[in-house]
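Residue-level listing of the chains:
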Amino acid sequence: MSKYNVLIVGSGGREHALAWKVKQSQHVQNVFVAPGNAGTGMDATNVDLDPADHNAVIQFAKENNVGLVIVGPEAPLVAGLVDALTDAGLRAFGPSKAASELEGSKVFCKNLLRSADIPTADYRTFRSADDASRYIKDRFSEPTDPVNVVVKADGLAAGKGVVVCDTRSEALEAIDRIAARKEFGAAGKELIIEERLTGPEVSVLAITDGETIVTLPPAQDHKPANDGDTGPNTGGMGAYCPAPVLDEETLAKVESSILVPVVHAMKRSRRPFKGVLYAGLMLTPAGPKVLEFNVRFGDPECQPLLMRLKTDLVEVMQAVVDGKLEETGPLEFDPRPAICVVMASEGYPADYEKGHAITGIESADKMENVKVFHAGTQRVDGEVVNTGGRVLGVTAMGDSISAAKLQAYKAVREIRWQGAWCRKDISDKALVTAAKA
Ligand code: AMP
Ligand code: GLY
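Keep in mind the model is a prediction, meaning the values are calculated, not measured. Along each chain, residues carry numbers from 1 onward, in the same order as the chain's sequence is written. Working convention: letters from A go to chains and numbers from 1 go to ligands, in the order in which they are written. Owing to the predicted nature of the model, reporting of local features is limited to residues with pLDDT of at least 70; listing and counting of side-chain atom pairs is limited to 80 or more, with chain, interface and lining totals taken over all residues. Where side-chain values are given, they derive from all heavy atoms of the structure, hydrogens and water being excluded.

A. Quick look at the overall build of the protein chain. Strands are runs of DSSP state E lasting at least 2 residues, helices are runs of H or I lasting at least 4, and numbering of each runs from the N terminus. A count of helical and extended segments in the protein chain gives 15 helices and 23 strands. We compute the radius of gyration over the C-alpha atoms and compare it with the globule rule, which gives 2.2 Å times the number of residues raised to the power 0.38. Rg of the C-alpha trace for the protein chain: 21 Å, near the compact-globule value of 22 Å for 437 residues, within the 12% margin. In terms of its C-alpha atoms, the protein chain occupies a principal-axis envelope of roughly 65 × 45 × 45 Å. Sequence-distant contacts in the protein chain: of pairs separated by 6 or more residues, those separated by 24 or more amount to 69%. Here, Shrake-Rupley sampling with a 1.4 Å probe gives the accessible areas, and only protein chains in the shown set may cover a residue. As displayed, the protein chain offers around 18,400 Å² of accessible surface, 48% of which is attributable to carbon and sulfur atoms. The charge count includes Lys and Arg as positive and Asp and Glu as negative, but it does not include His or the ends of the chains. For this purpose, a charge sits on NZ of Lys, CZ of Arg, CG of Asp or CD of Glu. If the 49 positive side-chain charges of the protein chain are averaged to one point and the 59 negative ones to another, these points end up 2 Å apart. Here, residues are in contact when the closest pair of their heavy atoms is within 4.5 Å.

B. Representation of the nonpolar core within the structure. Throughout this description, the term nonpolar core refers to a set of buried Ala, Val, Leu, Ile, Met, Phe, Trp, Tyr and Cys residues connected via side-chain atoms within 4.5 Å. Exposure categories follow from relative accessible area, calculated using a 1.4 Å probe and restricted to protein chains: below 20% of the type maximum is buried, above 50% is exposed, and the middle band is partly exposed. In terms of nonpolar packing, the biggest core is built from 78 residues, with Leu102, Phe293 and Ile415 touching the most fellow members. The contact partners of Leu102, leaving out residues within four places of it in the chain, are Phe108, Cys109, Leu112, Val262, Met266, Phe273, Leu277, Phe293 and Val295. Of all hydrophobic cores here, the second largest spans 37 residues; its members include Tyr4, Val31, Val276 and Phe373.

C. Examining the site of ligand 1 more closely. Taken together, 15 residues sit near ligand 1, with Glu194, Glu195, Leu197, Glu201 and Glu292 positioned nearest. A distance of 2.9 Å separates a nitrogen atom of ligand 1 from a polar backbone atom of Glu195. Interatomic distance of 2.8 Å between a backbone N/O atom of Leu197 and a nitrogen atom of ligand 1. When isolated, ligand 1 has an accessible area of 470 Å², and the protein chains bury 91% of it. For the shell around ligand 1, the secondary-structure elements that each account for two or more residues are β7 (146-153), β8 (162-167), β9 (191-195) and β17 (287-294). Throughout this document, a residue counts as near a molecule or strand when at least one of its heavy atoms sits within 4 Å of that molecule or strand. Identification of polar contacts relies on pairs of N or O atoms within 3.5 Å, with a donor-acceptor requirement for protein atoms, meaning one able to donate a hydrogen and the other able to accept it, and with residues adjacent in sequence counted only if both atoms are side-chain atoms.

D. Up close: the site of ligand 2. The local shell around ligand 2 consists of Asp221, Gly235, Tyr278, Asn294, Arg296, Gly298, Asp299, Pro300 and Glu301. Asn294 is positioned with one of its side-chain polar atoms (N or O) 3.4 Å from an oxygen atom of ligand 2. With respect to ligand 2, the side chain of Arg296 contributes an N or O atom lying 2.9 Å from an oxygen atom. Of the residues assigned to the shell around ligand 2, the class counts are two nonpolar, three polar and four charged. Think of it as three bins: nonpolar holds Ala, Val, Leu, Ile, Met, Phe, Trp, Tyr, Cys and Pro, charged holds Asp, Glu, Lys and Arg, and polar takes everything else, Gly as well.

E. Representation of the packing of aromatic side chains. When two rings of Phe, Tyr or Trp (its six-membered ring) have centres within 6.5 Å they constitute a pair, described as stacked for plane angles under 30 degrees, edge-to-face for angles over 60, and tilted for the intermediate range. Using the criterion set out here, one finds four aromatic pairs in the structure. On the numbers, 5.4 Å between centres and 75 degrees between planes, the contact of Trp20 with Phe373 is edge-to-face. Of the two residues, Trp20 sits in helix α1 (residues 13-23) while Phe373 sits in strand β19 (residues 370-374), which places them 353 residues apart along the sequence. The interplanar angle of 50 degrees and the centroid separation of 5.2 Å between the aromatic rings of Phe126 and Tyr135 together place this pair among those described as tilted. Assessed through its relative accessible area of 6%, Phe126 is described here as buried.

Pasting the structure below:
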């Protein structure tokens, strides 16, 4: 069997986890990551390529025996990198530009959900701040009136374009920021005002070739910065998998009432979806409802998911590229749960400090069932320094969620840099579920 190289596009914790996993494939010689971070530079080879420069990515792939390109983050997917690679005769894993609209435009996503009768919050779309403000003012008269709405910018806003509102003034302020002051730029050309739902959140990811759907075990993210889900929203401060909050029966319902109809609806609207379909769900009293779709692995959900995956990921991805996912058997997962604790820079998610030397990664990595995935790191003069808000995803597996948690935090304690911090309660939500059951 002749081996080939794999190119992974991106530079976060998700891409480090992908590189680590892909490296284990029997089909793979070398793994390149563009542009990568200090961690991918150790487990793979970093290449200094700008993912926005499609021609440069194509040229590199053609010159380096790249048999598969995996596009990690949403921005290059929405920008059509997979289409460009495919047109150039390369094999690329990820949805097309048209299919990536499912994440790139919340208006497109909501309209598709509504037309396919898929459970999601009721909503209205607006093209101007005035219309949106009038809608709020007509429904709620006093500034302090409690409201039950969520205001969302249509386009990509790195998770920041969503405001859950408690009062009328908050809703008006959110509309002003998104649609009048254009804080999120073009992402705010349209906006959505939707019904606020309640219930626990869970992420269900599936791999699909547009026909066959392979659902992965549910995971739970921790988006707010501080313990007990308080504080400002972040890209995700930790995750664990599997999440017991979603029992088998409900997971089957998510497949039949959400994943299958979405994949069909995408096909019908001539945007066949191939890649990772990520449903962000709220388990409401009326059943699971869609909050959003992402068109890629979640970060940090990817880290515990891939730590548990035993199947050769490259074979699965190649089957997706070929439209032959039906022929691959069910995925095999380690039965042990895994958790990922994100260590962040001082100040994150607001402005943060960069450039501090990090110590202890090596000894943490040596611990049993631990892997430290890098996100915002770079190697400078031989030292690993923090260069991003989310810096490391310390990931561990254990016989139970509590054992995995214990091991992950033991590894966290090995690692130091000035200002480093993390949430202390990653995966505790699972214990709450267990106590209720
Ligand atoms: P999204 O990027 O659309 O997933 O939204 C980010 C976060 O905002 C979600 O993880 C939820 O915590 C919250 N959120 C979004 N939509 C709603 C909703 N309709 N009701 C309540 N919370 C929501
Ligand atoms: N963890 C949430 C995301 O990747 O968007």
